[in-house]
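Now for the letters of each chain:
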Amino acid sequence: MLKIIKIGGGIIDNPQELTQFLNAFSKIEGPKVLVHGGGKGASKMLQQLGIEPKMVDGRRITDQPTLDVVTGLYAGNLNKSIVANLQEFGTNAVGLSGADGNVIKGNKRPVKTIDYGFVGDITLDGINVDFLQLLIDNGYTPVLCAITHDGNSQLLNTNADTIASTVAEALAVKNEVQLNFCFDKIGVLRDVNDDSTLIPVINKELYQELKAEGVIFEGMIPKLDNAFRVIDNGVKEVTLVHANNINGDIKTILC
Ligand SMILES: Nc1ncnc2c1ncn2[C@@H]1O[C@H](COP(=O)(O)OP(=O)(O)O)[C@@H](O)[C@H]1O
Ligand SMILES: CC(=O)N[C@@H](CCC(=O)OP(=O)(O)O)C(=O)O
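Values in this document were obtained by computation on a predicted structure and should not be read as measured data.

Asker: Describe the overall build of the protein, with residues and values.
Answerer: Across its full length, the protein carries eight helices and 14 strands. Taken over C-alpha atoms, the radius of gyration comes to 17 Å for the protein, in line with the 18 Å a tight globule of 255 residues would show. Referenced to the eigenvectors of the C-alpha coordinate spread, the extents of the protein come out at roughly 45 × 45 × 35 Å. Across the 255 residues of the protein, 43% fall into the buried class. Long-range contacts, defined here as pairs at least 24 residues apart, represent 73% of the contacts in the protein between residues at least 6 apart.

Here you go:
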């Protein structure tokens, strides 16, 4: 089973939790791909630089100064620190933006009612499956960040949950794939502040109900939208789990 694991910005922003996660990740046997976000740290950094972060429907409005900052953070400091950490733990990781090896080509999101700026939308045909497969088959662990490119020198900021889902879907054509979203909660909760309300199994009908009730909100909506799409498209298993429990039983499984 090929595991695609996504780690979110809530954990990445906490160095201790990130190191603990990467240590556990490095112990996972078999082929694997890591996709990382970093949105929380990016918002903090933008604020420190006097640039007000703007999010609409879970996506960052990305003007040129914002693109410069997030590229430096996601494809630079974060990606390289994660790779160096994984090397320490014995995982031969290869850190990539979408431009490296043309691994993810996207398209700038068209302006409709909202101009998202340099935000990339991606589809299956933009994923360089052969290159990812080459790395995986030779024992390397790709570590993908949230920066893609359009093939015409333009870098684009792309939601990391979308990257994880689309890469999982693309690799599922030739592999048995499991997709794990690791974040700062133990799974999908009925009360976001109460771990005893974990929903162990969720289907589309329940998701729609909980979304309408406001039980599922903010970043969880695009995460689950992506997750339900891939389960319809060949990915064998999708789970949401706390980053400090990637090998444990406490989680939400999608069906
Ligand atoms: N029903 C829910 N159960 C768990 N988390 C939820 C729920 N609804 C909304 N959330 C929020 O979604 C967040 C995770 O999504 P997101 O912010 O995109 O995380 P990350 O970038 O770390 O992957 C949680 O930290 C939580 O605040
Ligand atoms: C276009 C867009 O929204 N890009 C995201 C990419 C990072 C991300 O997805 O980080 P998390 O997984 O930590 O949320 C952003 O800049 O916030």
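What follows continues from the structure just given.
Asker: Describe in detail the site of ligand 1, supporting the description with residues and values.
Answerer: Lining the immediate environment of ligand 1, one finds 18 residues, of which G8, G10, L189, G219 and M220 sit closest. For the shell around ligand 1, the secondary-structure elements that each account for two or more residues are α1 (9–12) and α8 (220–231). In the shell around ligand 1, the residues fall into eight nonpolar, six polar and four charged.

Asker: Describe the confidence of the model for the protein, naming the residues involved and giving the relevant values.
Answerer: Mean pLDDT for the protein: 97, with 100% of residues reaching 70 or above. Interface confidence in the predicted complex, given as ipTM, is 0.98; pTM for the same model is 0.97.

Asker: Just give me the short version of the UniProt feature "site: Transition state stabilizer" (unreviewed entry) in the protein, but keep the residues and values in it.
Answerer: According to UniProt, the "site: Transition state stabilizer" (unreviewed entry) feature falls on K6 and K223. In three dimensions, the annotated residues from a span of 218 residues occupy one location, with a maximal C-alpha spread of 10.5 Å. Residue K6 is classed as buried on the basis of its 28 C-beta neighbours within 10 Å. What K6 contacts, discounting residues up to four positions off in sequence, is V35, A160, D161, A164, F181 and C182. Assignment of secondary structure puts K223 in helix α8. In contact with K223, not counting residues within four places along its chain, are D161 and F181.

Asker: Give me the nonpolar core: which residues, what numbers.
Answerer: Among the nonpolar cores identified, the biggest contains 67 residues, and I4, V35, I163, V167, A168, L171 and C182 are the most heavily contacted of them. With eight residues, the top contributor of residues to this core is helix α4 (residues 64–88).

Asker: Before we move on, could you go through the sheet that holds strand β13 (residues 237–242) and cite the residues and values that matter?
Answerer: If you walk across this open sheet you meet the eight strands as β5-β8-β2-β1-β11-β13-β14-β12, and the pairing is mixed. Pairing within the sheet leaves two strands with one partner each, and these edge strands are β5 (93–96) and β12 (201–202). In the sheet, strand β1 (residues 2–7) pairs with strand β11 (residues 177–183) via six bridges, with the strands oriented parallel. Counterpart to I5 in the pairing with β11 is N180.

Asker: Account for the site of ligand 2, with residues named and values stated.
Answerer: Not every one of the 17 residues close to ligand 2 is listed here, only the nearest: G9, G37, G39, A146 and A160. Counting only elements with at least two residues in the shell around ligand 2, the list comes to α3 (39–48), β4 (59–60) and α6 (160–171). The leading source of residues in the shell around ligand 2 is α3, at three residues. Partitioning the shell around ligand 2 into residue classes produces five nonpolar, eight polar and four charged.

Asker: Tell me about the pairing of β11, and name the residues and values.
Answerer: Within β11, six of the seven residues are buried, which leaves the element mostly enclosed by the surrounding structure. The pairing of β11 with β13 spans six bridges and is parallel. The partner of F183 across the bridge, within β13, is H242.

Asker: Would you mind going over the packing of helix α2 (residues 15–27) against α4 in detail, with residue names and values included?
Answerer: Where α2 contacts α4, the two axes come as close as 9 Å, and the packing angle between them is 55 degrees. When the interaxial angle is binned, α2 and α4 end up oblique. In this structure, α2 meets α4 at a crossing whose hand is right-handed. In this structure, α2 uses T19, L22 and S26 to contact α4, whose residues at the interface are I82, N85 and L86. For the contact of α2 with α4, the class distribution of residues is three nonpolar, three polar and no charged.

Asker: I'd love a proper account of the pairing of β13, names of residues and values included.
Answerer: Bridge count between β13 and strand β14 (residues 252–254): two bridges; the pairing is antiparallel. Each bridged residue has a counterpart across the sheet, and for L240 the counterpart in β14 is T252.

The rules behind each value
Residues numbered from 1 in each chain as written. Chains lettered and ligands numbered in written order. Predicted model: local features only at pLDDT ≥ 70, side-chain atom pairs only at ≥ 80, totals over all residues. Helix = DSSP H or I, 4+ residues; strand = E, 2+ residues; numbered from the N terminus. Rg over C-alpha atoms; globule rule 2.2 N^0.38 Å. Buried ≥ 20, exposed ≤ 12 C-beta atoms within 10 Å, placed from the backbone. Contact = placed C-beta atoms within 7 Å. Near = placed C-beta within 6 Å. Nonpolar A, V, L, I, M, F, W, Y, C, P; charged D, E, K, R; others polar. pLDDT = per-residue confidence, 0-100. UniProt positions renumbered as here; feature names shortened; annotations may be inferred. Core = buried A, V, L, I, M, F, W, Y, C linked by C-beta atoms within 7 Å. Pairing = 2+ DSSP bridges. Axes fitted to C-alpha atoms, helices over the stretch in contact; angles between N-to-C directions. Parallel < 35°, antiparallel > 145°, perpendicular 65-115°, else oblique. Left-handed = near helix turned anticlockwise from the far one by under 90°.

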